[in-house]
Amino acid sequence: MDGAVNFLRVTLIRVFYAVILLIAVLILNFSLMHMAPGDVADTIAQAAGGIDAEALEQIRREYGLDQPFLVQLGRYIGNVLRFDLGYSFFYSDKVTSLILSRLPATLLLVITAQLLALVVGVILGVFSARKPNGILSHFVTFLALFGYSAPVFWTGLLMLVIFSLMIPIFPVAGMRDVTIEGGFFAQAFDIARHLVLPMITLSSIFLALYSRLARATMMEVLGSDYVRTAKAKGLTNRQVVYKHALKNSLSPVITLAGLQLSAVVSGAVLVETVFSWPGLGTLAFQSILARDTPLILGILFFSALVVIVGNLLTDLALRLVDPRVGGKK
Amino acid sequence: MKHLFNGLIAATAVASVLAATTAIAEEPRHGGTLKTQLGNNLRTLNSAVQSGIVTGFPGAQLFASPLRYDDSWTPQPYLAESWEVSDDGLKVTLNLVEDAVFHDGEPIKSSDIAFSVKVIQEAHPFKSMFAPVTSVDTPDEHTAVLNLAHPHPGLMLAMSGQLMSIIPEHVYGDGQDFKTHPRNIEDVVGSGPFKLTEYKNGEHVILERFDDFFIEGRPYLDKIVMRIMRDSSARAIAYENGELDFGAFESEPLIINRLKKVDHLTVTPTGYGAIGALDWLAMNTTKGPLADKRVRQAIAYAIDKNFIQNALMQGTVADSNTGIHPDSPFYNADVNNYAVDLDKANALLDEAGFPMNGGERFALTIDFGWPAAKPHVEYVRAALKKVGINVEVRASADFPTWAKRMGTMDFDLSWDAVFNWGDPSIGVHRTYLTSNIAKGVWSNTQGYSNARVDEILNMAGKENDPEKRKALYAEFQQIVNDEVPIYFVQTLPYHTVYSNKVMNAPVNGIWSTSSPLDQVWLKE
């Protein structure tokens, strides 16, 4: 009983901190956007191919950009507290509906790329750890360094040239071919076809990370006492590696993968641009360039929320699972 | 000899008639989907409240304008089957096509013309286009009379392209803000040859044939798919492998020249005259050495235009020596082209009182607002060093950073690109009028002030006699070419790319894709 009350108390405190953190994120980013030179009226002028001075003033007045900083900030925070993220200046649409319309594409891309990188990375890492000086190990090292150091837009364009132009098996851009008619499976296959190149491109960065980490931890684990014990019991090499060592070497890799939650927004920007993937990353990037304050704050608010909730859940889960974390002193 | 020459002309004439007949012989085919691209995200589909080349493309398909233009800059009937300008130039009467309907089946009436003018006056970025319009009379359902405060010849071009989109009053006149009206991005009801099927932000705009379009038998296409593709390299690959049939506003020299070599593609710079995009070096004429005309002229003589046009832009641009696009009927080619002349540049700088002092005369900064202009400013830095001007390149983090500097005249030199938008009164005057100094980006950011230029522009804006008007603009171009508030370099290298199955691509007009594609058809 005592434990449950304690648990509830801790949860409430965490939620309280999370709300404060969210507001801090908003105030900080609002101030940063305000300090950046130029405003959305300039970028609207750019999209319009020039604009008359009168219209420029009109835009600033309509969006309240002529008001003092604190008034603008107060209005914005007030709206957010009423669960209203406002209207995008640039797209004249609701911020929430813009974010929600872009979210599925990004989730699909980031999650599949992460899974691909995780699975392939761990396999490669384990293989190369078993024979650290073998030819396969060197190849994996090379691949990892190449994937990590090649700029991702370059990798993307290279993939396009090879697999869309020279051997035209994959489409160049977008998430679907709108000219295709057909049921669910035809559509799903079409999206999968469009997904392949951007997914591989995006996973090339993470692949390097995971394979190196998996290789290092695997080598460490393979040298530990219980592995020696297992071998001494007469287990085969295969059993030792996949039953005993692998489980224990995975935890750092999974922790790292958990940390990549924020990649929902940041990691995919370049890949989304090269492949015209209609995701959240490009929306975030463009809204910064456009000085579209409500939209960029909405996206940051949203991603902060994802990270905070993710951390909170991990934390609480750890408390439930591992009695050593946050227990009674 | 003369005989032979006449014979040659006759032969050419016969040949062109023959060519024309073969072209006619090919009967346009109905049907098919045109796959094309938008190079950036859209703010809105409602081109009555938004200008620019991105909204212009879908905008001109969704909404009809009263007039359209052929490639000789002559107005043609479109939604207005005829029009008259009164002798005093104060009344412009539009006679609308009688059986025209909006996409929801409601008739297009003269009251919709009046409503659209009101919306454009209130919400469109170009205030000067309809500023002289004091009221619109609607004597009957098919006649609209625009009453003007003074003659306004620029109105003709302002009634074409995407600049005067006719939108339905019964949809957009419900009291909501015109700029943020929810039906600007969904359930759009237009008057043009195509209607909206679907718009997805960041992904695509899909249009389909409007069966009750007011021109019988048009459009030919069943569907237009516009994919939003921001990466130019990806677009290039898509043209090559057939994922895109057609696209406009391609502007990277490397890509343009590469696509020219692809067999099934046509790549052409024609059809951009009214968009009128000019690429130039702006100078802040209000401070330091640049306040002296001789210094500005010296800079023009020190820069080798040929190098920029041929080495940097690889021959994809056209020369331009005034503030008006070379395709425009108002362009005055009889001006100084400032062919590179370092001796003259040095002499002018000496004369202006900036002697060479240990290899240096004075220092300036140069700005640029987008990555494609970086090679240009780097070249200007190198070129001006030769005549003793030390130029420091100031990078801007992004476009708004640069726009802020320009708008507040916080610069010495800057690369810039400005669009004419049809009539000079819309997109040219703003750069030179004393009354428009430092009014934000793309105003008179040069701080240029010349009483004669102000007078000429004010007269030309109201001069209905085409010859007199042309003479006024010719004099204006002489003056700004001589005084160099801007060193005019070239046009932007806009090119249209289309596959050989696309017929009647919109390259024979002046508005590029800010004009209807009702005549485009696809070969099997």
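Residues numbered from 1 in each chain as written. Chains lettered and ligands numbered in written order. Predicted model: local features only at pLDDT ≥ 70, side-chain atom pairs only at ≥ 80, totals over all residues. Heavy atoms only, no water.

## Some words on the overall build of chain B
Part 1: Each helix and strand in chain B was counted, giving 15 helices and 20 strands.
Part 2: The C-alpha radius of gyration of chain B comes to 24 Å, within 12% of the 24 Å expected for a compact globule of 524 residues.
Part 3: Counting only C-alpha atoms and orienting by the principal axes, one finds that chain B spans roughly 75 × 60 × 55 Å.
Part 4: Summarising the internal contacts of chain B: among those between residues at least 6 apart in sequence, 69% fall at separations of at least 24.
Part 5: Entry remark: accessible area of chain B is about 19,400 Å², with carbon and sulfur atoms responsible for 51%.
Part 6: Counting 45 positive and 65 negative side-chain charges, chain B places the centres of these two groups 6 Å from one another. (Helix = DSSP H or I, 4+ residues; strand = E, 2+ residues; numbered from the N terminus. Rg over C-alpha atoms; globule rule 2.2 N^0.38 Å. Contact = heavy atoms within 4.5 Å. Areas by Shrake-Rupley, 256 points an atom, 1.4 Å probe, with all protein chains shown as cover. Lys, Arg positive; Asp, Glu negative; His and termini not counted. Charge placed at Lys NZ, Arg CZ, Asp CG, Glu CD.)

## Examining the environment of Val92(B)
All names here are of chain B.
Part 1: Tracing the backbone shows valine 92 in strand S5 (residues 91–96).
Part 2: The buried category is assigned to valine 92, whose relative accessible area is 4%.
Part 3: Apart from the residues within four sequence positions on either side, valine 92 is in contact with Glu84, Val85, Ala144, Val145, Leu146, Leu148, Leu155 and Met159. (Buried < 20%, exposed > 50% of the residue type's maximum accessible area, 1.4 Å probe, protein only.)

## Thoughts on the packing of helix H5 (residues 95–130) of chain A against helix H6 (residues 135–149) of chain A
All names here are of chain A.
Part 1: Contact geometry for H5 and H6: axes closest at 8 Å, N-to-C directions at 140°. Comparing their axes, H6 and H5 come out oblique. Crossing handedness for the pair H5 and H6: left-handed. Side by side, H5 and H6 meet where Leu124, Phe127 and Ser128 of the first sit next to Leu136, Ser137, Val140 and Leu143 of the second.
Part 2: Tallied by class, residues from the contact of H5 with H6 come to five nonpolar, two polar and no charged. (Axes fitted to C-alpha atoms, helices over the stretch in contact; angles between N-to-C directions. Parallel < 35°, antiparallel > 145°, perpendicular 65-115°, else oblique. Left-handed = near helix turned anticlockwise from the far one by under 90°. Nonpolar A, V, L, I, M, F, W, Y, C, P; charged D, E, K, R; others polar.)

## Some details on the interface of chain A and chain B
Part 1: Counting residues at the interface gives 52 residues for chain A, matched by 51 residues for chain B.
Part 2: Where chain A abuts chain B, roughly 4,200 Å² becomes buried across the two surfaces, and 56% of that area is made up of carbon and sulfur atoms.
Part 3: When the buried area of chain A at its contact with chain B is split by residue, Asp52(A), Val172(A) and Val178(A) rank highest and sum to 13% of it.
Part 4: Counting the contacts that link chain A with chain B gives three salt bridges.
Part 5: A salt bridge links Lys179(B) to Glu62(A), with the shortest nitrogen-to-oxygen separation between them at 3.0 Å.
Part 6: Of the residues in the side of chain A that touches chain B, the class split is 29 nonpolar, 13 polar and ten charged. (Buried area = accessible area lost by both parts, 1.4 Å probe. Salt bridge = Lys/Arg side-chain N within 4 Å of Asp/Glu carboxyl O.)

## Here's the deal with the domain arrangement of chain A
All names here are of chain A.
Part 1: Partitioning chain A into domains gives domain 1 (2–87) and domain 2 (96–321).
Part 2: Facing the 23 residues of domain 1 at the interface are 22 residues of domain 2.
Part 3: Surface buried jointly by domain 1 and domain 2 totals about 2,000 Å² across both partners, of which 78% is contributed by carbon and sulfur atoms.
Part 4: It is Leu22, Met33 and Leu85 in domain 1 that bury the most area against domain 2; as a group they hold 31% of the surface buried on that side.
Part 5: Applying the counting rule to domain 1 against domain 2 returns zero salt bridges.
Part 6: Applying the counting criterion to the domain 1 and domain 2 interface returns two residue pairs in polar contact (both at pLDDT 80 or more).
Part 7: When residues of the side of domain 1 that touches domain 2 are traced back to their parent elements, those giving at least two are helix H1 (2–35), helix H2 (40–47) and helix H4 (69–81). (Domains from an automatic or database assignment. Polar contact = N/O pair within 3.5 Å; in protein donor to acceptor, adjacent residues only side chain to side chain.)

## Structural notes on the side chain of Ser164(A)
Part 1: Relative to the assigned elements, Ser164(A) resides in helix H7 (residues 152–166).
Part 2: Apart from the residues lying within four places of it in its own chain, the contact partners of Ser164(A) are Met159(A), Phe170(A), Pro171(A), Val172(A), Leu197(A), Ile237(B) and Asn241(B).

## Comments concerning the sheet that holds strand S14 (residues 362–367) of chain B
The strands making up a sheet associate through backbone hydrogen bonding, with each pair oriented either parallel or antiparallel.
Residues and elements named next belong to chain B.
Part 1: On the basis of which strands lie adjacent, the open sheet formed by five strands has the order S15-S14-S16-S13-S17 and mixed pairing. Lying at the two open borders of the sheet, with one neighbouring strand each, are strand S15 (389–394) and strand S17 (486–491). Within the sheet, the average angular offset between the axes of one strand and its neighbour, ignoring direction, is 30°.
Part 2: Against the sheet, helix H8 (residues 293–302) contacts strand S13 (277–283), S14, S15, strand S16 (413–419) and S17, and its axis sits at roughly 130° relative to S13. (Pairing = 2+ DSSP bridges.)

## As for H7(A)
A turn of α-helix holds 3.6 residues, and therefore any two residues three or four places apart point the same way.
Part 1: Given a rise of 1.5 Å per residue, 15 residues ought to cover 21 Å, and the 20 Å separating the end C-alpha atoms of H7(A) matches this to within 8%.
Part 2: Buried residues along H7(A) sit in contact with helix H8 (184–222) and helix H11 (269–274) of chain A together with helix H6 (232–241) of chain B. (Expected span 1.5 Å × (residues − 1).)

## Things to note about the packing of aromatic side chains
Part 1: Summed over the entire model, instances satisfying the criterion amount to 33 aromatic pairs over all chains.
Part 2: A network of ring pairs unites the aromatic residues Phe126(B), Phe249(B), Tyr272(B), Phe419(B), Trp421(B) and Tyr494(B) as a single cluster.
Part 3: Across the ring face of Phe90(A), the terminal group of Arg43(B) is positioned such that the distance to the ring centre comes to 5.4 Å.
Part 4: Of note, Arg68(B) hangs over the ring of Tyr78(B), and the distance from its end group to the ring centre comes to 4.6 Å. (Phe/Tyr/Trp six-rings, centres within 6.5 Å; stacked < 30°, edge-to-face > 60°. Lys NZ or Arg CZ within 6 Å of the ring centre and 35° of its normal.)

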